[in-house]
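# Topology and contacts: notes
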Amino acid sequence: MLFSLQNTKMMPGKAPIQENPLGLSWHDSAWIPVLNPSNIMDYFSERSNPFYDRTCNNEIVKMQRLSPDQLTNMTGLEYILLHVQEPILYVIRKQHRHSPTAATPLADYYIIAGVVYQAPDLGSVVSSRLFSAVHHLQSAFEEASSYSRYHPSKGYSWDFTNGKAWATKEPVREEPSSLFQRQRVDMLLAELTRKFPLPVAKPVHQATETSIEIKQEPKSEKKEMKPPPEKKPRLN
């Protein structure tokens with residue numbers, strides 16, 4: 001069982017301070033081959049899982065050996081299995097239940113191939129996207145400014161000869177698809193085929209040969225051409 005501590009600071013004489021749980025991950029190799037929807041909540045409730053709060057109602061139900069359906073009749077912190085996409089993806093929600101019909105979501109956790117992560121909230125996603133965009137824009141401006149030149153008589157100009165050499169991009173090798181990806185693609189294609197069936201081609205009827213009438217022009221009889229009359233010499 002392992003979990004990462006990338007965002008944890010060790011202070012001398014003090015307990016480690018976790019800054020951001022989004023940088024944590026946890027897994028137990030012994031559970032991964034046998035994970036399924038019936039035991040995924042037991043896997044998530046392991047003692048070594050840093051995302052699991054042992055003061056939740058799930059722990060009370062587990063200790064008293066009650067049915068998981070009793071969670072809806074309790075109030076307080078609980079975990080529920082929100083989404084299942086076998087055999088690789090499970091989504092678990094942490095929420096505070098107020099009544100059998102009202103609950104406030106607090107956090108979502110997704111389990112991919114047995115590894116547990118905390119799903120980022122909307123603010124973290126927007127902040128990360130903005131930071132990435134600003135970083136790329138800053139890099140572009142710095143690279144562009146390295147090619148600018150100034151001469152007192154010519155002014156500003158661009159010089160790409162002495163700048164950084166353009167790196168030749170190597171062709172990217174495509175990784176082969178996994179069995180899970182092929183099965184999902186086949187399922188999506190089959191579903192689209194059912195919703196939008198291909199039009200059936202109509203049989204092409206052979207056109208009946210139409211008799212082509214050839215109009216024969218009446219032959220005009222050739223008129224006999226008479227020679228011009230001979231000119232007789234004039235008698236003075």
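The text that follows walks through the structure, step by step, so that each part is easy to find. Just so you know, these numbers come straight off a predicted model, no measurement behind them.

Attention now moves to the overall build of the chain. Secondary structure summary: the chain contains four helices and 10 strands in total. For the chain, contacts bridging at least 24 residues in sequence account for 33% of all contacts bridging at least 6. Carbon together with sulfur atoms contributes 58% to the accessible area of the chain, which is approximately 20,600 Å² in total.

Turning our attention to the pattern of salt bridges. Summed over all chains, the structure comprises five salt bridges. Between D159 and R149 there is a salt bridge, with the nearest N and O atoms lying 3.8 Å from each other. One end of the pair, D159, is in the loop between β10 (155-158) and α4 (179-195); the other, R149, is in strand β9 (residues 148-151), and 10 residues separate them in sequence. The exposure class assigned to D159 is buried, which follows from its relative accessible area of 18%.

What follows deals with a nonpolar patch on the surface. A contiguous nonpolar surface patch, about 410 Å² in accessible area, is contributed by V185, L189, L192 and F196. Its location among the elements puts L189 in helix α4.

Turning our attention to the pairing of β10. Looking along a regular strand, one sees the side chains alternate between the two faces of the sheet. Sheet topology places β9 next to β10; four bridges connect them, and they run antiparallel. Considered in β10, the bridge of R149 is made with S157. A loop of three residues connects β9 with β10, the two strands running antiparallel in sequence.

Looking now at the side chain of E59. With respect to the secondary-structure elements, E59 resides in helix α2 (residues 57-63). Judged by relative accessible area, which is 8%, E59 ranks as buried. Residues contacting E59, with those up to four places away along its chain left out, are Y52 and R54.

Regions of empty space are outlined by a rolling probe, equal in size to a water molecule, passed over the atoms. If you add up the space inside the largest pocket, you get close to 360 Å³. Taken together, 18 residues make up the lining of the largest pocket; nearest its centre are M41, N58, V61, P68 and L71. Within the residue set of the lining of the largest pocket, elements represented by two or more residues are α1 (40-44), α2 and β5 (76-85). Classifying every residue of the lining of the largest pocket by side-chain character gives nine nonpolar, four polar and five charged.

What follows concerns the pairing of β5. Of the strand pairs in this sheet, β5 and strand β6 (residues 89-99) are connected by nine bridges, and their pairing is antiparallel. Bridge pairing links L81 to I92 in β6. Connecting β5 to the antiparallel partner β6 that follows it, the hairpin turn spans three residues.

Right, let's talk about the nonpolar core for a bit. Formed by 17 residues in total, the largest nonpolar core has its most connected members in Y43, F44, F51, Y79, Y109, I111 and V116. Taken together, the elements giving at least two residues each to this core come down to α1, β5, β6 and β7 (102-112).

Rules used throughout
- Residues numbered from 1 in each chain as written.
- Predicted model: local features only at pLDDT ≥ 70, side-chain atom pairs only at ≥ 80, totals over all residues.
- Heavy atoms only, no water.
- Helix = DSSP H or I, 4+ residues; strand = E, 2+ residues; numbered from the N terminus.
- Contact = heavy atoms within 4.5 Å.
- Areas by Shrake-Rupley, 256 points an atom, 1.4 Å probe, with all protein chains shown as cover.
- Salt bridge = Lys/Arg side-chain N within 4 Å of Asp/Glu carboxyl O.
- Buried < 20%, exposed > 50% of the residue type's maximum accessible area, 1.4 Å probe, protein only.
- Patch = residues over 30% accessible without salt bridge, like charges linked within 9 Å, V, L, I, M, F, W, Y side chains within 5 Å.
- Pairing = 2+ DSSP bridges.
- 1 Å grid on protein atoms, 1.4 Å probe; cavity = no way out; pocket = protein on both sides within 12 Å on 5 of 7 lines; lining within 4 Å.
- Points joined across faces, edges and corners; volume = space filled by probe spheres on them.
- Nonpolar A, V, L, I, M, F, W, Y, C, P; charged D, E, K, R; others polar.
- Core = buried A, V, L, I, M, F, W, Y, C linked by side-chain atoms within 4.5 Å.

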